[in-house]
Amino acid sequence: MKILSTSTVHDAASIPFLRIEPSRGWRNLGLGELWDYRGLLYFLVLRDIKVKYKQTVIGAGWAVIQPLFTMVVFTLFFGKLAKIPSDGIPYPIFSFAAIVPWGFFANGLSQASGSLVTGGGLIKRIYFPRLIIPIAAVLSGSVDFLLAFAILLVMMVYFGITPTFAVVWVPMLLLLAVVTSLGVGLWLSALNAQFRDVRYAVGFLVQMWLYCTPIAYPSSLLPEKWQVIYGLNPMAGVVEGFRWALLGTDTAPGPMLIVSVAVSLTLLVTGGYYFRRMEKNFADVI
Amino acid sequence: MSENTAIRAEGVGKEYYIGASKTKYQTFGEAVTNTVTQPFRKVAGLIRGRAAAASGLEERIWALNDVSFEIKHGEAVGIIGKNGAGKTTLLKILARITSPTTGHVDIRGRVGALLEVGTGFHPELTGRENIYLNGAILGMSKGDVTRKFDEIVDFSGVERFIDTPVKHYSSGMHMRLAFSVAAHLEPDILIIDEVLAVGDSEFQRKCFNKMEDAGQSGRTVLFVSHNMAAIARFCDRAILLESGAIVEDGAADSVVSGYLMASMGKAAHQEWPEFESAPGNECVRVSSVRVVGANRVTAESIDMRRPVGIEISFSILKKELIFVPAISVFGDSGTHILNALDTSPKWREPQEEGDYRVIAWIPANLLNEGTLIVTVFLMDIWRYSGKPIKYAFITEAVAFQVVDSEGGPSGKGDYPQHWQAAIYPMLEWDTTRA
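Given the structure is predicted, the values throughout are model-derived calculations rather than measurements.

Asks: Could you give me a rundown of the pairing of strand β4 (residues 102-108) of chain B, with the residues and numbers involved?
Replies: Across the seven residues of β4(B), five count as buried, placing the element largely inside the fold. Bridging between strand β1 (residues 17-20) of chain A and β4(B) involves four bridges; their strand directions are antiparallel. Across the sheet, residue R19(A) finds its bridge partner in β4(B), namely D106(B). Strand direction decides the pairing type here: strand β1 (residues 5-17) of chain B and β4(B), joined by five bridges, are antiparallel. Considered in β4(B), the bridge of G13(B) is made with T102(B).

Shown next, in the form of structure tokens:
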């Protein structure tokens, strides 16, 4: 057997020094350390993606079936029966363009909320920046998003919609969805570690949030002056942004999107600090 | 903190909240009121940032209390103690999994902690994928893992199944693969919790070799185990924890022996200063029994390569009788290992009244590792047919530990592990070519 080849001569300068102390109050976000552990983040996301549809018959088909069926139901009931307006574009693609980013957000949010409890085995046994766990949970929905997005592109071809130059904003809007999802996910995951009430609240929260977001209906239903306030729901900004960037609706999200970005960043930063504050107890309460 | 200190803990304590506070409700009304108001009180606690109050946990326990120690680079230290003594809590603080409530720890060097093998293994992923994932979890970079990949697979002995999902592995294969990844970590300080008890004996031997390599290559090792023989063999030093505090810190074999003996309520030396109540009868009284090393000093632990003496001191009160000193040695699980009696002509005759001291020497390279318990007799087996007459009979008079800590040739050769057997004699082996 090969003997481990670690040199016994220590260069004092290269040896890391660490002080472990009781942590009290607020701490910094530890972004540098998070960066050092990016390899672990990569493998955890990879694991979640690889494992997600193992031992299923339809496999990744689920990533497509869910939004498609939601769209069909929305089109039937809201589009055909309730005759909800759709900013002058065919209702199916109108709703689908919103369902795709919403699905990514909602899925990321619920995965992140439960992530600390699901990942409890790791947290109780190994040290790493705990922030990695909810981040990985949100990011692991990205493959599902890409599959659903591909269907969206196919539908755009079918309905003969050519995207405008605004399509370059899609990645930024997606990032906004990620930030919102993670921001709320950080709050809820840290709370869920201590109070499992969160598990029951999340489903309800996502459902309510869905109703409050212009997915089945356009935000143009609201009077002009309320539009900016509607941006307090960052997903309203994301969804209307998607329609504008891809479908060319005239809902160019100006002030509304700025409000959304501000709310979303606030959620992320406060969520991050709250998470870091609660983090010292995770191993003891999970 | 000096240059060659790897870990220094000062006044480390850890308080846990356990269980709900016990409140008795006198009336049904009070109980209902409480059920209704409790959520509000909890939310109030939450808003004020008092997580424990919000969870209704008020009873507290100090799992660790004012623990201080210093470990030098290259030391192999065992941490022992009963379940609940705080061993795992201490390791979790050192590994930064949980934070201390009081005190601080300074650590110089990269820490690798192995609190359970196979942490993060996913049953649906293949062996190969799990090696990378587990490596990342343990803090290895992708490059590190790739470089050591063949070595890891080779060490685990699961080459054929490396591209099979690990859920199809036997539990042994699973453990072996998991340990192999961990064994290829190269931190400056290695923290291990009871993980060596995996796999078959062949694999355990490989693990021990790997641990010893780690120790020899100057790595600091902290090792929690209930396997006392392993601690005595592998560690230079041991720390004994009891109810969250350090009660002993010293050379591994003596701390281990002391702990084992104390937990059995046995000692290597027993004395009866009161003549009247000493074991025996009006014909003979035993005043002390001790376990001694070659230098005739009381010894709680003896290396298996050294002789050990059982010393019996007694006073003969009646001169017409015959007293044959005898011992029985038992293993800690009750195995009767040997009987021995003094067959010298002296004890076939009655002896003068007075004080005597006999030592029964158990030769080197005979006893196996473990706790041994000695029963002592003074009896007459010569003059009476049928049952011998026991004048003094002291069951479980003394106990001692046989350890394998010195290294070098023994009945076991250089086999590094515990190999179950009552005795381990060095025999004459005669080989001829037939």
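Asks: Please give an account of the domain arrangement of chain B that cites residues and values.
Replies: All names here are of chain B. Split into domains, chain B comes out as domain 1 (5-24 + 64-263), domain 2 (25-57) and domain 3 (269-403). Just the C-alpha atoms count here: the centres of domain 1 and domain 3 sit 42 Å apart. Each partner contributes residues to the interface: domain 1 has nine residues there, and domain 3 has eight residues. Taking both sides of the interface into account, the surface hidden between domain 1 and domain 3 amounts to around 640 Å²; carbon and sulfur atoms contribute 59%. Its largest share of buried area at the contact with domain 3, domain 1 owes to S257, L260 and M261, together 61% of the area lost on that side. For the pair domain 1 and domain 3, the number of links is zero salt bridges. The interface formed by domain 1 and domain 3 contains one residue pair in polar contact (both at pLDDT 80 or more). Within the residue set of the side of domain 1 that touches domain 3, elements represented by two or more residues are α8 (228-234) and α9 (252-264). No other element matches α9, which puts six residues into the side of domain 1 that touches domain 3. Looking at the side of domain 1 that touches domain 3 residue by residue, the class counts come to four nonpolar, three polar and two charged.

Asks: Describe a nonpolar patch on the surface, with residues and values.
Replies: Residues and elements named next belong to chain A. On the surface, V72, V73, L76, F77, F78 and L81 cluster together into a nonpolar patch covering about 560 Å² of accessible area. The residue V72 is located in helix α3 (residues 61-81) in this model. Accessibility expressed as a relative area gives 41% for V72, which makes it partly exposed.

Asks: Which residues make up the sheet that holds strand β17 (residues 370-380) of chain B, and what values do they have?
Replies: Residue and element names in this part refer to chain B. An order of β12-β18-β17-β14-β15 is seen for the five strands of this open sheet, with the pairing classed as mixed. Edge positions in the open sheet fall to β12 (301-303) and β15 (336-341), since each of these has one partner strand only. For this sheet, the mean inter-axis angle between neighbouring strands, taken without regard to orientation, is 30°. Judged from the 10 bridges that link them, β17 and strand β18 (residues 389-403) form a sheet pairing that is antiparallel.

Asks: Can you break down unusual backbone geometry residue by residue, with the values?
Replies: Residue and element names in this part refer to chain B. Non-glycine residue D66 carries a positive phi angle of around 50°. Classification of D66 by relative accessible area gives exposed; the value is 57%. Here R296, not a glycine, exhibits a phi torsion of approximately 65°, which is positive. Mapped onto the elements of the fold, R296 is located in the loop between β11 (284-292) and β12. Owing to a relative accessible area of 49%, R296 belongs among the partly exposed residues under this scheme.

Here is what the cut-offs are and how they apply
- Residues numbered from 1 in each chain as written.
- Chains lettered and ligands numbered in written order.
- Predicted model: local features only at pLDDT ≥ 70, side-chain atom pairs only at ≥ 80, totals over all residues.
- Heavy atoms only, no water.
- Buried < 20%, exposed > 50% of the residue type's maximum accessible area, 1.4 Å probe, protein only.
- Helix = DSSP H or I, 4+ residues; strand = E, 2+ residues; numbered from the N terminus.
- Pairing = 2+ DSSP bridges.
- Domains from an automatic or database assignment.
- Contact = heavy atoms within 4.5 Å.
- Buried area = accessible area lost by both parts, 1.4 Å probe.
- Salt bridge = Lys/Arg side-chain N within 4 Å of Asp/Glu carboxyl O.
- Polar contact = N/O pair within 3.5 Å; in protein donor to acceptor, adjacent residues only side chain to side chain.
- Nonpolar A, V, L, I, M, F, W, Y, C, P; charged D, E, K, R; others polar.
- Patch = residues over 30% accessible without salt bridge, like charges linked within 9 Å, V, L, I, M, F, W, Y side chains within 5 Å.
- Areas by Shrake-Rupley, 256 points an atom, 1.4 Å probe, with all protein chains shown as cover.
- Axes fitted to C-alpha atoms, helices over the stretch in contact; angles between N-to-C directions.

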